[in-house]
Amino acid sequence: MVIVIKQLKKLIHIKSLWLSLYLLKAILSLLLIIPFYLGVNSFAASSSFVRKLITEWDFSAVVELFSGRTEIIPIFLITLLSGAIAYIIIMQFINGGLYYIIVSGNLKPVNWREFFAECGANWGMQVKITLLMFLIYI
């Protein structure tokens, strides 16, 4: 248990790892939101309700969007589903490397080549755990 706590403390101090994870999540979120924004933009220009979403959250704007433009629903669902799948796959890849850092007991600085090699080696195990937990939560 003491080794795991030491490794978690080590993870906290790896600033380049946290910066990389932040940038990765920012890029993934932009890849998810840009297609949805482009699909909704023309409708938002002619709607009085959707303009409210810029300044405050109003659920009536979402209802108007989906009831007035039913062709947007499949675009939204496909974008959301593909973004979620891509996010889960990439994060499970990264989790394999994080798992290796915690379990290895290695207290020397992170070798990025070794980190990404372990990401790939542990990716299958991480995906299996994710699918199992997904089935349990459903």
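Everything below is about the structure shown above.
A few points on the structure. Quick caveat: nothing in here was measured; it's all calculated off a predicted structure.

### Quick look at the overall build of the protein
Logical step 1: Counting its regular elements, the protein contains 6 helices and 0 strands.
Logical step 2: Listed N to C, the secondary structure of the protein is α-α-α-α-α-α in terms of helices and strands.
Logical step 3: Scored against the burial criterion, the 138 residues of the protein give a buried share of 22%.
Logical step 4: Counted over contacts in the protein with a minimum sequence separation of 6, partners at least 24 positions apart contribute 61%.
Logical step 5: Surface accessibility of the protein: about 9,800 Å² in total, with carbon and sulfur atoms responsible for 74%.

### Description of the nonpolar core
Logical step 1: Counting 10 residues, the largest nonpolar core is built from Leu11, Ile14, Leu17, Leu21, Met91, Ile94, Leu98, Ile101, Phe115 and Cys119.
Logical step 2: Put simply, the parts of the chain that give this core at least two residues each are helix H2 (15–45), helix H5 (72–104) and helix H6 (112–137).
Logical step 3: Sort the elements by how many residues they give to this core and H5 lands first, with 4 residues.
Logical step 4: Those residues in contact with Leu98 that lie beyond four places of it in its chain are Leu11, Leu17 and Phe115.

### Description of a nonpolar patch on the surface
Logical step 1: On the surface, a nonpolar cluster with roughly 810 Å² of combined accessible area is contributed by Tyr99, Val103, Met125, Ile129, Leu132, Met133, Ile136 and Tyr137.
Logical step 2: The set of elements that each furnish at least two residues to the nonpolar patch consists of H5 and H6.
Logical step 3: Of the residues forming the nonpolar patch, the biggest block, 6 residues, is contributed by H6.
Logical step 4: Mapped onto the elements, Tyr99 comes out in helix H5.
Logical step 5: Residue classification places Tyr99 among the partly exposed residues on the basis of a relative accessible area of 39%.

Basis of the calculations
Residues numbered from 1 in each chain as written. Predicted model: local features only at pLDDT ≥ 70, side-chain atom pairs only at ≥ 80, totals over all residues. Heavy atoms only, no water. Helix = DSSP H or I, 4+ residues; strand = E, 2+ residues; numbered from the N terminus. Buried < 20%, exposed > 50% of the residue type's maximum accessible area, 1.4 Å probe, protein only. Contact = heavy atoms within 4.5 Å. Areas by Shrake-Rupley, 256 points an atom, 1.4 Å probe, with all protein chains shown as cover. Core = buried A, V, L, I, M, F, W, Y, C linked by side-chain atoms within 4.5 Å. Patch = residues over 30% accessible without salt bridge, like charges linked within 9 Å, V, L, I, M, F, W, Y side chains within 5 Å. Salt bridge = Lys/Arg side-chain N within 4 Å of Asp/Glu carboxyl O.

That's the geometry; what it means functionally is another story.
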